[in-house]
Amino acid sequence: METKRWFAIDNLQDKQEAIQAAAALLKAGEAVAFPTETVYGLGADATNELAVNKIFEAKGRPQDNPLIVHVATTQQLKELVSEVPPYVDKLLEAFTPGPLTFVLPSNGRCADNVTAGLDSVGVRIPDHPAALSLLKQAAVPVAAPSANLSGKPSPTSADHVWADLQGRIAGVLDGGATGVGVESTVLDCTQPIPIILRPGGIAIEQLEQVVGTVMVDPGLANEHERPRSPGMKYRHYSPDAPLWLVKGSADKLQQVVYKESQKGQRVGVMAASGTIARIEADLKKDLGASLESVATALYDALRMFNSQHVDLIICEAFSEEGIGQAVMNRLKKAASHYIE
Ligand code: TXA
Ligand code: MG
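Notes on the structure in this doc start here. (Residues numbered from 1 in each chain as written. Chains lettered and ligands numbered in written order. Predicted model: local features only at pLDDT ≥ 70, side-chain atom pairs only at ≥ 80, totals over all residues. Heavy atoms only, no water.)

Looking at the overall build of the protein
Applicable threshold: Strands here mean DSSP runs of E at least two residues long; helices mean DSSP runs of H or I at least four residues long; both are numbered from the N terminus. Atoms counted for the radius of gyration: C-alpha only. Globule rule: 2.2 Å times residue count to the power 0.38. Burial classes follow relative accessibility: with a 1.4 Å probe on protein chains only, a residue under 20% of its type's maximum area counts as buried, one over 50% as exposed, and anything between as partly exposed. Note on contacts: a residue pair qualifies if any of its non-hydrogen atoms lie within 4.5 Å across the two residues. Computed with a 1.4 Å probe, the accessible areas rest on the Shrake-Rupley method; for each residue, only the protein chains presented here act as cover.
Regarding its fold elements, the protein presents 13 helices and 16 strands. Relative to its length of 340 residues, the protein is compact, with a C-alpha radius of gyration of 20 Å against a globular reference of 20 Å. The dimensions of the protein, computed from C-alpha atoms along their principal axes, are 60 × 45 × 35 Å. Classification of the 340 residues of the protein by burial places 56% in the buried group. Considering only intrachain contacts with a sequence separation of at least 6, the fraction spanning at least 24 residues in the protein is 68%. In the structure as shown, the protein presents an accessible area of about 14100 Å², 50% of it carried by carbon and sulfur atoms.

Spelled out as structure tokens, the structure:
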């Protein structure tokens, strides 16, 4: 399949044409990648089972993992669900459009393969002008997982999508690099108290400010306790080389780097600016000074080390405050080893 690439960055005229062309293919039942504020999504008409199947095929995604549905307005979100608790109205008001996915009781309007047979559906309104314009023009709810091959780091640029999916999908709408860099927070809103199923772009502290108590899925907490050598089941977002997560000072990171380099390994290091400045290694990636910039740079860094053929990637462990919780969740899943 020849994959089209439309540019939605430059002048407004071309941008509208690009978005129209992408919307037309979405409506016609094709799988099309598009930018959001978090990562690129691979979209298809969520009411069309055959179209949604193309997503699973292109990504090599297991069929039992449900997809997030993207819509442009709160009204459209409510058209897909059978019940909206009052706290969801508050969260919608506070955080949409934005990186927050609401898991709510489904009314069955989406195809069965979107929800993987569950009676709930995850829906969000992305905070990205090209995505919102695309969703309005397509005029259908759009199911979209991250637009990477299953198991690879999520794509934060159209080049990342191209590297993974070129030839496997109908097109890519190129809106430049995404901003947040980690995926949306997935929040189970089918219970009296909301439960975080996946930490993401909206931090638990932010949610608590609006609705008071927020719970965290016990499955996530367990993972925090046993992150040493996660089995295949827990490995996602994987770079090609093994990734070690190291907690501690720059000196401690440097010791690990020396030790592994002496074994003849080519070692890459990724860390925040303050740490990376004090490290010597074959290849270094500065993730920026704040947790926000670390989130933005994370997946691109993992992909960069792939293309540079390092034998081992060593990454600094970050604080789990704010968006740090999402960053550490992804890193622990990617890591084969955690040195605390
Ligand atoms: O930021 C994002 O959320 C990106 C962009 C493209 O919007 N999308 C994304 O989709 O990360 P994906 O498919 O890579 O991750 C969706 C997550 C999975 O962990 C899935 O299990 C969960 O959301 N999910 C979706 N629907 C669900 C449901 N009904 N119940 C529980 N979990 C659900
Ligand atoms: Mg994904």
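Overview of the sheet that holds strand β10 (residues 195-198)
What counts, and what does not: Two strands pair if DSSP finds at least two bridges between them. In this analysis, axes come from line fits to C-alpha atoms, helices being fitted only over the stretch in contact, and the angle between any two N-to-C directions falls in the range 0 to 180 degrees.
Read from one edge of the open sheet, eleven strands run β1-β8-β2-β3-β7-β4-β6-β5-β9-β10-β11, paired in mixed fashion. What marks the edges here is a single partner per strand, and that holds for β1 (4-7) and β11 (215-216). Judged from the two bridges that link them, β10 and β11 form a sheet pairing that is parallel. Within β11, the position partnered with Ile-195 by the bridge is Met-215. Along the sheet, helix α2 (residues 49-59) contacts β3 (41-45) and β7 (142-143); its crossing angle with β3, the most-contacted strand, is approximately 155°.

With respect to the nonpolar core
The following threshold applies: Each nonpolar core is a collection of buried residues, namely Ala, Val, Leu, Ile, Met, Phe, Trp, Tyr and Cys, held together in the definition by side-chain atoms within 4.5 Å.
If you look at the biggest cluster of nonpolar residues, it comprises 68 residues, and the most contacted ones within it are Leu-42, Leu-91, Phe-102, Val-114, Leu-173 and Leu-207. The element contributing the most residues to this core is helix α6 (residues 129-138), with six residues. Membership of the second largest hydrophobic core comes to 29 residues, among which are Val-182, Ala-272, Leu-283 and Leu-302.

Quick look at the site of ligand 1
The following threshold applies: One heavy atom suffices: a residue is near a molecule or strand as soon as one of its heavy atoms comes within 4 Å of it. Polar contact is the term for a pair of N or O atoms within 3.5 Å; when the atoms are in protein, one must be able to donate a hydrogen and the other to accept it, and sequence-neighboring residues count only if both atoms are side-chain atoms. Only Asp, Glu, Lys and Arg are considered charged in this grouping, and only Ala, Val, Leu, Ile, Met, Phe, Trp, Tyr, Cys and Pro are considered nonpolar; every other residue, Gly among them, is considered polar.
Residues in close proximity to ligand 1 total 24 residues, the closest being Thr-38, Asn-65, His-70, Ser-184 and Arg-198. Measuring from an oxygen atom of ligand 1, one finds a side-chain N or O atom of His-70 at 2.6 Å. Arg-198 has a polar side-chain atom sitting 2.9 Å from an oxygen atom of ligand 1. Elements supplying a minimum of two residues to the shell around ligand 1: β4 (68-70), β6 (120-124) and β10. Element by element, the count of residues in the shell around ligand 1 is highest for β6, at four residues. Class assignment of the residues belonging to the shell around ligand 1 gives a composition of twelve nonpolar, eight polar and four charged.

Structural notes on the packing of aromatic side chains
What counts here: Pairing of aromatic rings covers Phe, Tyr and Trp, the last counted by its six-membered ring, and requires centre-to-centre distances within 6.5 Å; plane angles under 30 degrees mean stacked, over 60 mean edge-to-face, and any other angle means tilted. The rule is short: NZ of Lys or CZ of Arg within 6 Å of the ring centre and within 35 degrees of the ring normal puts a charge over the ring.
Evaluated as defined, the whole model comprises zero aromatic pairs. Sitting over the face of the ring of Trp-162, Arg-5 holds its NZ or CZ atom 5.5 Å from the ring centroid.

Comments concerning the pairing of strand β12 (residues 243-246)
Neither face of β12 is left uncovered, since the one carrying Leu-243 and Leu-245 and the one carrying Trp-244 and Val-246 both have all their residues buried. With four bridges connecting them, β12 and strand β15 (residues 312-316) associate as parallel partners. Within the sheet, the bridge partner assigned to Val-246 lies in β15 and is Glu-316. Both β12 and strand β16 (residues 337-339) contribute to a ladder of three bridges, which runs parallel. Note on β16: the bridge partner recorded for Trp-244 is His-337.

The values are spatial; any link to function lies outside them.
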